[in-house]
Amino acid sequence: MAALQLEKQRGRYAALAIAAVVIVVGIPLWWKTTETYRAWLPFSEISELDSLQVHALRPSSRQNHVCDSIGSAMIYNRVFDKADLSLHMLSESSCGSVVVYVIPESSTLLPEDVKVYVGQRRTALLRSPPFKTSWNLKEVLSNLDVEVEQVVSTMSFGHQDIVAALSNRVRMTKVTKESMADSMRAIKSSPGYEITFSLLNPDPKSHSLHWDIEGAVQSYIQPLLNKLAPIANFSVDSQILYYAVLGVNPRFDNSVSAYTLSADSLSHVINPVEARLGSNAASSNPVLNFLLYVPDAHHSPLFIRDHSKRKVPSNAFHSPRWGGIMVYNVNEMYGPEAERPVDININMAKVMGVFLAQLRLMLGVQHTHPPTGFVLQSPGSAGLADWELDRLLWSRSVENIATASTTITSLAQLLDQIGNIVINDNIAQQVSSAVTSLQSAVAELEAGNLAFALQYSREAILASERAFFDPSLLHLLYFPDDQKFAIYIPLFLPMCVPIVLSLLKIVSEAKKRRADKQAKSD
Amino acid sequence: MDYYNLLTTCAFIHLLVSIPYAYSNYVENKAGQFFSSGHTNNWAVLVCTSRFWFNYRHVANTLSVYRSVKRLGIPDSHIVLMLADDMACNYRNPKPATVFSHKNMELNVYGDDVEVDYRGYEVTVENFLRVLTGRLPPSTPRSKRLLSDDRSNILIYLTGHGGNGFLKFQDSEEISNMELADAFEQMWQKRRYNELLFIIDTCQGASMYERFYSPNLMALASSQVGEDSLSHQPDLAIGVHLMDKYTFYLLEFLEEVHPASQANMNDLFKVCPQSQCVSTPGHRTDLFQRNPGSVLITDFFGSVLLHDMKQLVADVSSQKPKQKDWHPPDGFILGLWTLILLVFFQTYGIKHLKHIF
């Protein structure tokens, strides 16, 4: 009997020991080994990014005293651009700043009807409005402020530009047709762009076309791209497509004895051509296509009509975020007796003028409508004035910051929500660097250092995109609850049932013994 | 000395998490340049998920939608075509290099200008989700990526064998409706689409769009939950069914559409009524901003670059009433196993327990 008791005792201890091992060692071990590796992410800082306030500081200065000396020197020349150049040399204006020179009302530097002359770089000449001699300095300055404000708002960014840059993040309450069109036309900010120039020759039997695209790109397009280098990397290529026809048959118009493409039919022109355009397979950058179409001999000359049935002077149209098409008529260059195929050299200056204008629009350089009395100096060889570039940089920085912060916050939310995505160390590192770049960009923007702000915002957006689109972040396995039960129960239930039952038996025996002892003692 | 006014532009950058902002835009006819829908380019993702020769009809379905979409103007660079098996060059195809849609071999939807981006075993749930969310390895070529932006209208067409809440890929794995809804939400978070049209032709197809919760989604399915989508007609020479009923009538409808056509989504909803299709096609428009009557077919199936604009009305249409399906209660498996164990112990006697300790 005693041996049996001993056996039972040993059994009880064994059951308790097994249960202890399972609970103390087994469960934590199972928990640890089925955990997914999740590197630490700065969630608190990311949630701060959620409601981010950006204060953009536009530094500008006003020079009063220099004007008399300049005025006398320049009266000789009366040439604005030279004046502008020397003014620019006077004060080194940093990126993003606007310098306004105020000249006396009676000065003859500017012609009578011109109130403001906006230079090619970051300076402007403002003729001061008339003031009474009785006014003190403060009144004069406040009177001047209104004029200067107008100049600066033309040259630099305003509320509308910022709203347009954030158009897909912030609700656009007051949407004007102009701003919606602008926001749809300009291509989104991207680390790089590909620009492709294509010459379409549907009739090689009649026309043998020659175009010096390399030279034209070097002299017309490359200066603009060099100037825009802080924004993105650009790659330019060109091709010639033979027997490429447009998707629409142009109609012959007797009144001008020429073929015309109406505005409605322009929608379908690009489609058959687009299939043959091709693109660089290695990069995922957005592509801007510029097509130069030389109509075939039977359909020359070909003109494009706008919605009011008027001829478009440049004979070109563009499609938002896609590119532009220009129709180049060559029928006047040869007579009917010329030997086919006719050698034709394309006038690249005319062509590039149109393409450059379209390229500017598509890259987001807003077209300025200057108020009356303003004269804008033409941008020159670069195709872009410094202050226009600054305006583009402002809107790009803000757009980059907005995009990067939205990406990071949505990534954090996604990773928070889905518990079993593995977060590798490199993703955590990208996220942290994106957050620090974002904070630096915002700080620089507040301080008014545009160049640094743009650089940081670019780094932020690159890091955030890399983190968001990392191939390892794929949440593939969605397990509904009953599937989880179905997997674990066959493994654990057969093991747990004897343990639980034995524990229950121990407890019931202990209770019975206590009851017996109670009965005995009574 | 800078004492000029500080122009502080405060911009609150909010996180717009699935807030369907209903705004109405008025654009005049005269401006005539941009879409009322706000999109500037079109993409299409067409997926056939089943393999084996007897699933010929699913490949024919996908190829006929591909053909319509190309005809209406979307270029190959903007189409991601995923075919799980090769029917045109299958050993059992009596007419090699062709895939027909009609039993009299009237229409060869394969043609000579087909660009398949994902073929054969590359069509997996993982690759499909990677294409949608953009999480592809850096070595992936451009033709295999969905490079859409916030102004892209995307058409997604799925066909194959499906069930209540899932779609079968390659006879070995499945994608659930929750995964699909999450993938669309991730696309929305990254603004990878402007509007999305989702068409599915499988059995119980309506279950796949039940769980969508992102804005600007419109969905069509060939059958309701509990119904099967049927195939159209077999061809005795080829020996298999050539098309599914819903896609057959969809193709017939799309053949009438040309790039300048003004047919709208309400016409698409009427395609293949129950008298023709036996199953009841369903659609879901409650997440879509615009009125389906003002959405052109070519907004999704074609690629029309410039267009006259129309007046927009933000509208919310109601969803078709969902058929309640009975699911076993949670923990059913747990109870089942307990039952099994109890039965075991009962048959073999409770006395066996004492051998354990």
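Residues numbered from 1 in each chain as written. Chains lettered and ligands numbered in written order. Predicted model: local features only at pLDDT ≥ 70, side-chain atom pairs only at ≥ 80, totals over all residues. Heavy atoms only, no water.

**A look at the overall build of chain A**
For chain A, the helix and strand inventory stands at 14 helices and 16 strands. Burial analysis of chain A (522 residues in total) assigns 49% to the buried set. In chain A, the share of contacts with a sequence separation of at least 24, taken over all contacts with a separation of at least 6, comes to 79%. For chain A, the accessible area works out to roughly 25,900 Å², and carbon and sulfur atoms hold 58% of it. (Helix = DSSP H or I, 4+ residues; strand = E, 2+ residues; numbered from the N terminus. Buried < 20%, exposed > 50% of the residue type's maximum accessible area, 1.4 Å probe, protein only. Contact = heavy atoms within 4.5 Å. Areas by Shrake-Rupley, 256 points an atom, 1.4 Å probe, with all protein chains shown as cover.)

**Details of the state of the cysteines**
Residues and elements named next belong to chain B. Evaluated as defined, the whole model comprises one disulfide over all chains. Between the sulfur atoms of Cys272 and its disulfide mate Cys277 the distance is 1.6 Å. Negative torsions about the S-S bond denote left-handed disulfides, and the value of about 95° found for Cys272 with Cys277 makes this one right-handed. The exposure classification of Cys272 matches that of Cys277, with both residues buried. (Disulfide = S-S within 2.5 Å.)

**Some thoughts on the pairing of strand S10 (residues 217–221) of chain B**
Residues and elements named next belong to chain B. Burial runs high along S10: five of the five residues are buried. On S10, burial covers both faces: Leu217, Ala219 and Ala221 on one face and Met218 and Leu220 on the other are all buried. Where strand S9 (residues 195–201) meets S10, five bridges bridge the pair, whose relative direction is parallel. Within S10, the position partnered with Ile200 by the bridge is Ala221. With three bridges joining them, S10 and strand S11 (residues 282–284) adopt antiparallel strand pairing. Considered in S11, the bridge of Ala219 is made with Arg284. (Pairing = 2+ DSSP bridges.)

**Quick word on the UniProt feature "transmembrane region" (unreviewed entry) in chain B**
Here the UniProt-annotated "transmembrane region" (unreviewed entry) positions come out as residues 331–350 of chain B. The straight-line gap between the two end C-alpha atoms of residues 331–350 of chain B is 25 Å; of that span, 85% is helix and 0% is strand. (UniProt positions renumbered as here; feature names shortened; annotations may be inferred.)

**Some thoughts on the confidence of the model for chain A**
Of all residues in chain A, 80% attain a pLDDT of 70 or more, and the chain-wide mean is 79. Every residue in residues 65–78 of chain A is under pLDDT 50, and counting partners more than four places away or in other chains gives 12 contacts. (pLDDT = per-residue confidence, 0-100.)

**Looking at the UniProt feature "transmembrane region" (unreviewed entry) in chain A**
Residues and elements named next belong to chain A. Per the UniProt entry, the sites bearing "transmembrane region" (unreviewed entry) are residues 12–31 and 485–504 in this numbering. For residues 12–31, the helix share is 100%, the strand share is 0%, and the end-to-end C-alpha distance is 28 Å. The span residues 485–504 shows a helical share of 100% and a strand share of 0%, and its end C-alpha atoms are spaced 24 Å apart.

**Structural notes on a nonpolar patch on the surface**
Residue and element names in this part refer to chain A. Taken together, the side chains of Val21, Ile23, Val24, Val25, Ile27, Trp30, Trp31, Ile487, Tyr488, Leu491, Phe492 and Met495 present a nonpolar region at the surface, about 1,200 Å² in accessible area. At the level of secondary structure, the elements contributing two or more residues to the nonpolar patch comprise helix H1 (2–33) and helix H14 (481–521). Top element by residues in the nonpolar patch is H1. It accounts for seven residues. Of note, Trp31 is situated in helix H1. By relative accessible area, Trp31 is classed as exposed at 55%. (Patch = residues over 30% accessible without salt bridge, like charges linked within 9 Å, V, L, I, M, F, W, Y side chains within 5 Å. Salt bridge = Lys/Arg side-chain N within 4 Å of Asp/Glu carboxyl O.)

**Brief notes about the sheet that holds strand S12 (residues 302–304) of chain A**
Residue and element names in this part refer to chain A. Here we have three strands laid out as an open sheet, ordered S9-S10-S12, and mixed in their pairing. Unpaired on one side and paired on the other, strand S9 (251–253) and S12 mark the two borders of the sheet. On average, adjacent strands in this sheet sit at an angle of 45° to one another, irrespective of strand direction. With three bridges connecting them, S9 and strand S10 (residues 258–261) associate as antiparallel partners. Residue pairing across strands places Phe252 opposite Tyr259, the latter belonging to S10. (Axes fitted to C-alpha atoms, helices over the stretch in contact; angles between N-to-C directions.)

**Notes on unusual backbone geometry**
Residue A:Pro301 follows A:Ser300 across a cis peptide bond; omega there is -20°. For A:Pro301, the location among the structural elements is in the loop between strand S11 (287–293) and S12. Omega for the bond connecting A:Arg340 with A:Pro341 falls within 30 degrees of zero, at -5°, which places this linkage in the cis form. Here A:Pro341 lies in the loop between strand S14 (323–327) and strand S15 (342–345). Positive phi values are uncommon outside glycine, yet B:Cys272 reaches one of about 60°. Relative to the helices and strands, B:Cys272 is located in the loop between helix H5 (265–269) and helix H6 (274–277).

**What to know about the sheet that holds S14(A)**
Residues and elements named next belong to chain A. An order of S8-S6-S11-S14-S13 is seen for the five strands of this open sheet, with the pairing classed as mixed. The sheet is open, and its two edges are formed by strand S8 (233–242) and strand S13 (316–319), each paired on a single side. Direction aside, neighbouring strands of the sheet carry axes that sit 15° apart on average. Direction of pairing for strand S6 (residues 192–201) relative to S11: parallel, over a ladder of seven bridges. Bridging across to S11, Thr196 finds its partner in Asn289.

**Some thoughts on helix H13 (residues 450–468) of chain A**
For H13(A), spanning 19 residues, the distance from its first C-alpha to its last is 26 Å, which sits close to the expected 27 Å at 1.5 Å a residue. Regarding H13(A), the residues found buried are A:Leu450, A:Ala453, A:Leu454, A:Ser457, A:Ala460, A:Ile461, A:Ala463, A:Ser464, A:Ala467 and A:Phe468. Check the buried side of H13(A) and you find it contacts helix H11 (386–417) and helix H12 (425–447) of chain A together with helix H3 (177–189) of chain B. (Expected span 1.5 Å × (residues − 1).)

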